Amino acid sequence: NIFWNAIDNIEAAGAVMIFAAGNEGQCGAASIRNPANRITSELNAFCVGMVDARTDIINPPVDALSSFGPSDCNGSTVKPELVAPGVNLLTTTVPGGLTPQAYGTSFSTPLVAAAVALLREYNPNATADQIKQALLTGARDLGTAGPDNQYGHGILNVVAALRALPANTQPSIAVRESYYTRPTPGQSAQVVLNLKNSGTAATNV
């Protein structure tokens, strides 16, 4: 539980924490890494496994290296929460302009993080738990019916997650851009701010 306070405080501040399941699937059941194996709630240690979608994008199999549940904390809590493609993904994160094919839950997890960004754009006021619940609700079930220790709740489905997330019911105003001419000491300058509201109508701004 050494990570629990940090996780809870970061999410209380508004960030959504997503963890890779790990690549120890060949070690057998209960191979989820810490802190993704946390069992206090499926929402506070959200764990992502990987599937191989190269040959079957409709019903992709879980990759043999993807760690799977149950959590070794109690031997019964289902893990991971969901899965995403993680085998031979093209990445531009390698220096030198190379685009090698990446492999592992460390590459399926960023796909879920990208989905979080889209959900946040749709509803900037959504809580971390609301976003993660929408991901679970929107996941397309694979494997045995219901959550299981291979696929979790299923494979990431961004469109369904967007539909599951409550709509924004508050104004959400942010600075879209700003520009001004830097003044010299003793002079004044006009500052122009362009605001963007991605929420409901706002008055008296």
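A few points on the structure. (Residues numbered from 1 in each chain as written. Predicted model: local features only at pLDDT ≥ 70, side-chain atom pairs only at ≥ 80, totals over all residues. Heavy atoms only, no water.)

1. So, the side chain of N44
Looking at the secondary structure, you find N44 in the loop between β1 (18–20) and β2 (46–51). Here N44 falls in the buried class, since its relative accessible area comes to 12%. For N44, the side chain forms a polar contact with the side chain of T40, separated by 2.6 Å. Apart from residues lying up to four places away in sequence, N44 is in contact with I7, D8, E11, R38 and K132. (Helix = DSSP H or I, 4+ residues; strand = E, 2+ residues; numbered from the N terminus. Buried < 20%, exposed > 50% of the residue type's maximum accessible area, 1.4 Å probe, protein only. Polar contact = N/O pair within 3.5 Å; in protein donor to acceptor, adjacent residues only side chain to side chain. Contact = heavy atoms within 4.5 Å.)

2. Some words on unusual backbone geometry
A cis amide bond, omega 10°, links N34 with the succeeding residue P35. Summarising the element assignment, P35 is placed in the loop between β1 and β2. For the peptide bond that leads from K79 to P80, omega is -5°, which places it in the cis range. Note that P80 resides in the loop between β2 and β3 (82–85). Positioned with a positive phi, A30 is a non-glycine residue whose angle comes to about 60°. Structurally, A30 is set in the loop between β1 and β2.

3. Regarding the sheet that holds β3
In a beta sheet, neighbouring strands are held together by backbone hydrogen bonds and run either parallel or antiparallel to one another. Spatially, the 3 strands line up as an open sheet ordered β1-β2-β3, and their pairing is parallel. Edge strands, defined here as strands with exactly one partner in the open sheet, are β1 and β3. Across the sheet, the axes of successive neighbouring strands diverge by a mean angle of 45°, strand direction being ignored. Where β1 lies against β2, 3 bridges are found, and the strand directions are parallel. Within β2, the position partnered with A20 by the bridge is V48. Where helix α2 (residues 105–122) meets the sheet, its contacts fall on β1, β2 and β3, and the angle it forms with β2 comes to roughly 120°. (Pairing = 2+ DSSP bridges. Axes fitted to C-alpha atoms, helices over the stretch in contact; angles between N-to-C directions.)

4. A look at α2
With 18 residues, α2 extends 26 Å between its outermost C-alpha atoms, agreeing within 8% with the 26 Å of an ideal straight helix rising 1.5 Å per residue. Taken together, the buried positions of α2 are T105, S108, T109, V112, A115, V116 and L119. An end-on view of α2 places all buried positions within 110° of arc, on one side of the element. Its buried side turned inward, α2 meets β1, β2, β3, α3 (128–138) and α4 (158–164). (Expected span 1.5 Å × (residues − 1). Arc of directions from axis to C-beta.)

5. Examining the pattern of salt bridges
Counting across every chain of the model gives 5 salt bridges. A salt bridge links E11 to K132; its shortest N-O distance comes to 2.8 Å. Of this pair, E11 sits in helix α1 (residues 4–12) while K132 sits in helix α3, and the two are 121 residues apart along the sequence. Summarising the burial analysis for this pair, E11 and K132 share the class buried. (Salt bridge = Lys/Arg side-chain N within 4 Å of Asp/Glu carboxyl O.)

6. Here we look at the packing of α2 against α3
Put simply, α2 and α3 touch, their axes get as near as 10 Å, and they point 120° apart. For the element pair α2 and α3, the recorded crossing hand is right-handed. Residues V112, A115, V116, L119 and R120 of α2 pack against A128, I131 and L135 of α3. Partitioning the contact of α2 with α3 into residue classes produces 7 nonpolar, no polar and 1 charged. (Left-handed = near helix turned anticlockwise from the far one by under 90°. Nonpolar A, V, L, I, M, F, W, Y, C, P; charged D, E, K, R; others polar.)

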